[in-house]
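The chain contents come next:
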Number of protein chains: 4
Amino acid sequence: MYIALVGVSGYSGQALYQLLLNHPGVEGIDLYGHLRRDTEAEQTLDIAALNIHTKITAFDPATIMAKDDVIFFATPAGVTSQLAKPFIAADFPVIDLSGDYRLKDPASYTKWYHKPAAPAADLAKATYGLAEFENPTSHYIANPGCYATATILGTAPLLQSGVIDLDSIIVDAKSGLSGAGKKATDSSHFVHINENLQMYKLNEHQHIPEIVQELQKFNSDLKAIQFSTTLIPVDRGIMATIYAKATADLTTDQVQALYETQYQDKPFIHVSATEMPDLKRVVGTNNCDIGVSYNPATKTVVIVSVIDNLLKGAAGQAVQNFNKLFDYPETTALPTTTLGF
Amino acid sequence: MYIALVGVSGYSGQALYQLLLNHPGVEGIDLYGHLRRDTEAEQTLDIAALNIHTKITAFDPATIMAKDDVIFFATPAGVTSQLAKPFIAADFPVIDLSGDYRLKDPASYTKWYHKPAAPAADLAKATYGLAEFENPTSHYIANPGCYATATILGTAPLLQSGVIDLDSIIVDAKSGLSGAGKKATDSSHFVHINENLQMYKLNEHQHIPEIVQELQKFNSDLKAIQFSTTLIPVDRGIMATIYAKATADLTTDQVQALYETQYQDKPFIHVSATEMPDLKRVVGTNNCDIGVSYNPATKTVVIVSVIDNLLKGAAGQAVQNFNKLFDYPETTALPTTTLGF
Amino acid sequence: MYIALVGVSGYSGQALYQLLLNHPGVEGIDLYGHLRRDTEAEQTLDIAALNIHTKITAFDPATIMAKDDVIFFATPAGVTSQLAKPFIAADFPVIDLSGDYRLKDPASYTKWYHKPAAPAADLAKATYGLAEFENPTSHYIANPGCYATATILGTAPLLQSGVIDLDSIIVDAKSGLSGAGKKATDSSHFVHINENLQMYKLNEHQHIPEIVQELQKFNSDLKAIQFSTTLIPVDRGIMATIYAKATADLTTDQVQALYETQYQDKPFIHVSATEMPDLKRVVGTNNCDIGVSYNPATKTVVIVSVIDNLLKGAAGQAVQNFNKLFDYPETTALPTTTLGF
Amino acid sequence: MYIALVGVSGYSGQALYQLLLNHPGVEGIDLYGHLRRDTEAEQTLDIAALNIHTKITAFDPATIMAKDDVIFFATPAGVTSQLAKPFIAADFPVIDLSGDYRLKDPASYTKWYHKPAAPAADLAKATYGLAEFENPTSHYIANPGCYATATILGTAPLLQSGVIDLDSIIVDAKSGLSGAGKKATDSSHFVHINENLQMYKLNEHQHIPEIVQELQKFNSDLKAIQFSTTLIPVDRGIMATIYAKATADLTTDQVQALYETQYQDKPFIHVSATEMPDLKRVVGTNNCDIGVSYNPATKTVVIVSVIDNLLKGAAGQAVQNFNKLFDYPETTALPTTTLGF
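Since the model is a prediction, treat every value here as computed from it, not as a measurement.

A. Broad picture of the overall build of chain A. Within chain A one finds 12 helices and 15 strands. Across its three principal directions, the C-alpha atoms of chain A cover 65 × 45 × 40 Å. With 341 residues in all, chain A has 65% of them scored as buried. Looking at chain A alone, contacts between residues at least 24 apart form 69% of all its contacts between residues at least 6 apart. Put simply, chain A has 24 plus and 36 minus side-chain charges, and the middle of one group is 4 Å from the middle of the other.

Listed below in structure tokens is the structure:
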């Protein structure tokens, strides 16, 4: 197959490019630019660490649909919805890593992203691609957000089971700096965030409505979740620590059983109750490791869900969706082991 | 005054020594060893970074009480309660940085510390030295734990005010590695914890009963708190993120007012609602910075309380207690500014 | 092929295991223990990050030679030379990651390693496996040291060309903590090395005689090199900064030409004169990136040579040697791209 | 005394402000802005970590000379030389942390700084304030560069003694990120430099001519030094590793004696031959720790010189110069101890 990739300059785009380079079903990857400076002339991109010198071609839908078999967008929110329209209209396969097609409600998108939303008809067509739960029902995949992936995988079994108070869910997430993007800002300056922790976008993170929308599929009575996130001085990795009050007495074994049942045939999900997972178990892989515990003193379930934000939280899950869409084995080209230390 | 210091080899002991060196009321600091290898012979301690070559003398209560005016114990839990008995019996001033005299209930101590407790009579005599709330009622100060300091300062105003559901308090704490002690272990190995996060002692941390005991002074109906802590790859600093459900509608302004009223004349406490404090605001100081917020969508109060675990969480608060005990201005020899970056 | 691997618990052993798991020519990997606690009973090893539960079997040469086709030793210096004797005697293929068979002179080994040397006859048989320069002349490969790999690859073209003063070579190397081993020590404690730099083993590092011995193959007049190394607060990566005085006027272009000629058909070596390589270009790969420069003001050639100490500096080069020994393409199972950032 | 400070927003300016706040001779600090946006209106500066709300006043020389007793410039290179003219003309005391008055030769300044130089007459008046070697001969102090401070203090005793080959000096320096300034750039992005090393400005660093000019005071035959520097992932600290060839046989003891003689009465300099200093011995202090060693195998002297770039390398040395200029004890308000770990 031939791949079109738009947005290779960001972290997710580079991770995606690297994964696809090693995919046995991929015969070629064509890079397309979406900025005006790209369309004016062909450019040579030197992806230094890949030791690859390749060209970015001006973005042109007709050319792409003629030459390639699928298009990945690793573009910022607000950009994809402008670029993807002709592909959706033509039912050409699209996998979008941005947030532009995740929320079904355009008003909610505008509220949380502070940008114009995609047309409601296009939103309705997209499959929300949390690959453990959804099979593509269209050629159009909205790849989930990084926090949303860690949080939904860590919370869904509790919701389905009905063992927790729906108003009690609190998610204290932590993320490495690659999650905040490649742009140099005061808050991504090494001297600011090294040896530091910084809570940000408290109650305003755009993954909150995405998480609620998707968790409602498991229990439609869910109204809201308390979600906070803190930047930590590491390159990669998300830890979502999830708290919920039990509605009746539970045991850690019972909680573990819920999760193991849910994820028994999912190759990337590992459940443990004996020790809580750390980031290094998953960074460099497409895995989501989940630790579960119940505290009878406070009637609280504590879940720790960890992923690599660039792989399972972005490019890895995009390839997982690609595999499902085109009938490759789900784990093709996706790392599942790491040194871990 | 002449100071006796036992346990200078640990992080807290070194921080204490450095602070006391710069205290205008301190005429001399005598270092005493408590291990058998110290008592067999005098030793020369080379505190490299202090460029100071000094001697550790064998621990002998009679000598100390003759020569010094106060004794600080920066010894591990289980050690102080063995060494402090003659000082308590003689009503000689003691400031203890270990957990040995914090819990009033010996059975609770034994349950959480897995060691024999100090005599109940000695426990009864000690003042729990959270310096913003307690004035010394005896010559014996139990200096608070680091997590307990950040958590109690961050939670007490909510409990006094009666605006939250007492069963809903969740503390997600994060701590740098100096909080885990100087001993080389697999979990303190650089390659293990660098670029990583590691939750530990889930529901088993020995500061949990200390926090509950002290918070009950603000509201005796409190039964338990959900407390978790995660090691983060930084040297110093604790962030306690505190969540609690409101019993009625609140605003961030109302929450802020509660905290500002509580701490208006406390020189080390700074309250903010406009941005959440980061670790670098406080590392290197004796401050506790507190950020407050209310989320109407989930009826949840979110509090972020940050301290330097070695200063306000240990040696700094010990000097603050020393200042109060001996009528020095509370801020004497305690840093309140930092570069912060 | 079936692989025997001794010493999977260290960083190099784990990296080797992970690489071999993905090697298309490897049908199975048998893990063998060399410590007494391993030989007393079979053990189950939980390689957490690999999500693999596997057994370590007691080390028995006869069993191994019957069952497996090659043995890798990822054991400490001083251990391999005890264990490898029967394999060498039987001309069974061995790839050794320790330093036990690198130095041809037993007296030199004893001087630098402070341990008894392997028999001189065994030393004579081993091929020093710097894969860019050596083809296996025996079934016995002494895999090079990490500092030696970075330094020799960065220096050899200068020696062959005769353009530098042989007495002037100075190597200022820097290494991440995984190079110092998995054992928890005061110097590997996070709080010691984080935010720090620490020069160690000045003029006493055991890779010095290895480097000199191998560089003498390029110019037999070389007598010594000045080599220092400094631990840096990163997990992985070595940077060797190499200085040498030119014997006649040079240009950066001339130096670059020397290196490009030397390495033109070497898939893992990349030479650049426009910018000096950083660690992130190579960590996670088997590459060695080399930057070259000439300073006419001081008549000094400056070379920067970077590798991943666990891959090109250990496990990766071992697999490269395995590929050469058994006629697989040299790059089989060896990563050459990384995100880099 | 009343202090005027221009440029408080950078790292050096903030460090200077913090030190001066604790200086017993300082009655007040007035902050002045030098940018157009500062001169249009008075501004309130919230130095968050200092918990201080203070005003920046428009820069006006006449006002400053009337109100204050000395002016510190913590402004970028190229700015001070524009602002300082009236102060120099009036012989008003100036301490400049930029590089604008360090080089005596205007042509050299223009070559290395790529900016117009200050007038030669002004350059001639300035005292180069390496406080261990120079006493102020004018009211105008050019505070040394950070690399220059570490390098000159580490090299001068060798030059005075005549024991080394003047053409052989090689300095391999390493610096934390605060040395590269507060501006957010691609190279200061956390994800770029964390877990990385990056050599920069090879043979082009503007401290090279400063070092040569000053070292020539110790031996006028010196022509050039080879100087390289590498960014390391820490906040603060410089390590200059210095190599030089001996002209005759030496011993480490002899080298140590040279340094101890040179620095015997200098309160901030500590010399050691038993172990090489690490960064944490000096970060947070105004010290320069120097480790010395001689390698007979290569006839090479190896010196390791470490400082805190923001203190001894900038603000601390500026206060040291202030102390000398106004006859305060040299160590006033300057930290000499640290936890070190």
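The discussion continues.
B. The relation of the copies chain A and chain B, seen in detail. For the match of chain A to chain B, the screw axis carries a shift of 0.0 Å, the RMSD comes to 0.0 Å, and the turn is 180°. What we have between these two chains is a two-fold relation.

C. Quick peek at the sheet that holds strand β10 (residues 198-200) of chain A. All names here are of chain A. Spatially, the seven strands line up as an open sheet ordered β10-β11-β9-β12-β15-β14-β13, and their pairing is mixed. The two strands at the open ends of the sheet, each matched to only one other strand, are β10 and β13 (269-272). Pairs of neighbouring strands in the sheet enclose a mean axial angle of 20°, with direction left out of account. The pairing of strand β9 (residues 170-175) with strand β12 (residues 238-245) spans six bridges and is antiparallel. Opposite Val171, over in β12, you have Ile242 as the bridge partner. Helix-sheet contacts for helix α8 (residues 146-161) involve β9, β10, β11 (226-231), β12, β13, β14 (288-295) and β15 (300-307), and the interaxial angle to β12 is about 35°.

D. Looking closely at the environment of B:Lys85. All names here are of chain B. Position of Lys85 among the secondary structure elements: in helix α5 (residues 85-89). A relative accessible area of 38% places Lys85 in the partly exposed class. In the structure, Lys85 is positioned 49 residues away from Glu134 in sequence and 23 Å away in space, judged by C-alpha atoms. Among all residues touching Lys85, those that are not within four sequence positions of it are Pro119 and Asp122.

E. Representation of helix α12 (residues 311-325) of chain B in the model. Residues and elements named next belong to chain B. With 15 residues, α12 extends only 18 Å from end C-alpha to end C-alpha; this falls clearly short of the ideal 21 Å at 1.5 Å per step. Along α12, the sharpest change in direction is near 45° and occurs at Gln317. Counting buried residues along α12, 15 of its 15 residues qualify, which places the element largely inside the surrounding structure. Two residues or fewer after α12 comes Asp327, characterised by a positive phi angle close to 60°.

F. Summary view of empty space enclosed by the protein. As enumerated under the stated definition, the model contains two cavities of 30 Å³ or more in all. As for the largest cavity, its lining consists of A:Phe190, A:Asn194, A:Pro233, B:Phe190, B:Asn194, B:Pro233, C:Asn194, C:Glu195, C:Pro233, D:Asn194, D:Glu195 and D:Pro233. In the lining of the largest cavity, the residues fall into six nonpolar, four polar and two charged. A volume near 40 Å³ is recorded for the second largest cavity. Taken together, A:Tyr128, A:Leu130, A:Phe133, A:Glu134, A:Ile152, A:Glu214, A:Lys217 and A:Phe218 make up the full set of residues lining the second largest cavity.

G. Representation of helix α6 (residues 106-113) of chain A within the structure. Residue and element names in this part refer to chain A. Among all positions of α6, only Ser108, Tyr109, Trp112 and Tyr113 are buried. Down the axis, α6 shows its buried residues gathered within 105° of arc, on one side only. Turned more than 90 degrees from where α6 packs its buried face, Ala107 and Lys111 sit exposed. Against the buried residues of α6 lie α10 (207-215). Where α6 begins, one side-chain oxygen reaches toward the backbone nitrogen of Ala107, 2.9 Å away; that side chain belongs to Asp105. Residue His114 follows α6 closely and has a positive phi angle near 60°.

H. Representation of the domain arrangement of chain A within the structure. Residue and element names in this part refer to chain A. Assigned domains of chain A: these are domain 1 (2-125) and domain 2 (146-308). Look at where the C-alpha atoms of domain 1 and domain 2 centre, and you get two points 28 Å apart. Each partner contributes residues to the interface: domain 1 has 10 residues there, and domain 2 has 12 residues. Summing both partners gives a buried area of about 950 Å² for domain 1 against domain 2, and 60% of it is carried by carbon and sulfur. Of all the secondary structure elements, the ones that give two or more residues to the side of domain 1 that touches domain 2 are α1 (11-21) and α6.

I. Inspection of the pairing of strand β12 (residues 238-245) of chain B at higher detail. All names here are of chain B. Counting buried positions along β12 gives eight out of eight residues, so the element sits mostly inside the fold. Every second residue of β12 is oriented toward a common face, with Ile238, Ala240, Ile242 and Ala244 on one face and Met239, Thr241, Tyr243 and Lys245 on the other, all of them buried. With eight bridges joining them, β12 and strand β15 (residues 300-307) adopt antiparallel strand pairing. In the strand pairing of β15, Met239 is matched with Val306.

J. Seen up close, the packing of helix α8 (residues 146-161) of chain B against helix α10 (residues 207-215) of chain B. Residues and elements named next belong to chain B. One can describe the packing of α8 onto α10 by two numbers: an axis separation of 10 Å at closest approach and a directional angle of 30°. Comparing the axis directions of α8 and α10 gives the class roughly parallel. Here α8 runs over α10; the crossing is right-handed. Here Cys146, Tyr147, Ala148, Thr151, Ile152, Thr155, Ala156 and Leu159 of α8 come into contact with α10, specifically with His207, Glu210, Ile211, Glu214 and Leu215.

Calculation rules
- Residues numbered from 1 in each chain as written.
- Chains lettered and ligands numbered in written order.
- Predicted model: local features only at pLDDT ≥ 70, side-chain atom pairs only at ≥ 80, totals over all residues.
- Heavy atoms only, no water.
- Helix = DSSP H or I, 4+ residues; strand = E, 2+ residues; numbered from the N terminus.
- Buried < 20%, exposed > 50% of the residue type's maximum accessible area, 1.4 Å probe, protein only.
- Contact = heavy atoms within 4.5 Å.
- Lys, Arg positive; Asp, Glu negative; His and termini not counted.
- Charge placed at Lys NZ, Arg CZ, Asp CG, Glu CD.
- Least-squares fit on C-alpha atoms with pLDDT ≥ 70 in both.
- Pairing = 2+ DSSP bridges.
- Axes fitted to C-alpha atoms, helices over the stretch in contact; angles between N-to-C directions.
- Expected span 1.5 Å × (residues − 1).
- Bend = angle between axes of the 7 residues up to and from the residue.
- 1 Å grid on protein atoms, 1.4 Å probe; cavity = no way out; pocket = protein on both sides within 12 Å on 5 of 7 lines; lining within 4 Å.
- Points joined across faces, edges and corners; volume = space filled by probe spheres on them.
- Nonpolar A, V, L, I, M, F, W, Y, C, P; charged D, E, K, R; others polar.
- Arc of directions from axis to C-beta.
- Polar contact = N/O pair within 3.5 Å; in protein donor to acceptor, adjacent residues only side chain to side chain.
- Domains from an automatic or database assignment.
- Buried area = accessible area lost by both parts, 1.4 Å probe.
- Parallel < 35°, antiparallel > 145°, perpendicular 65-115°, else oblique.
- Left-handed = near helix turned anticlockwise from the far one by under 90°.

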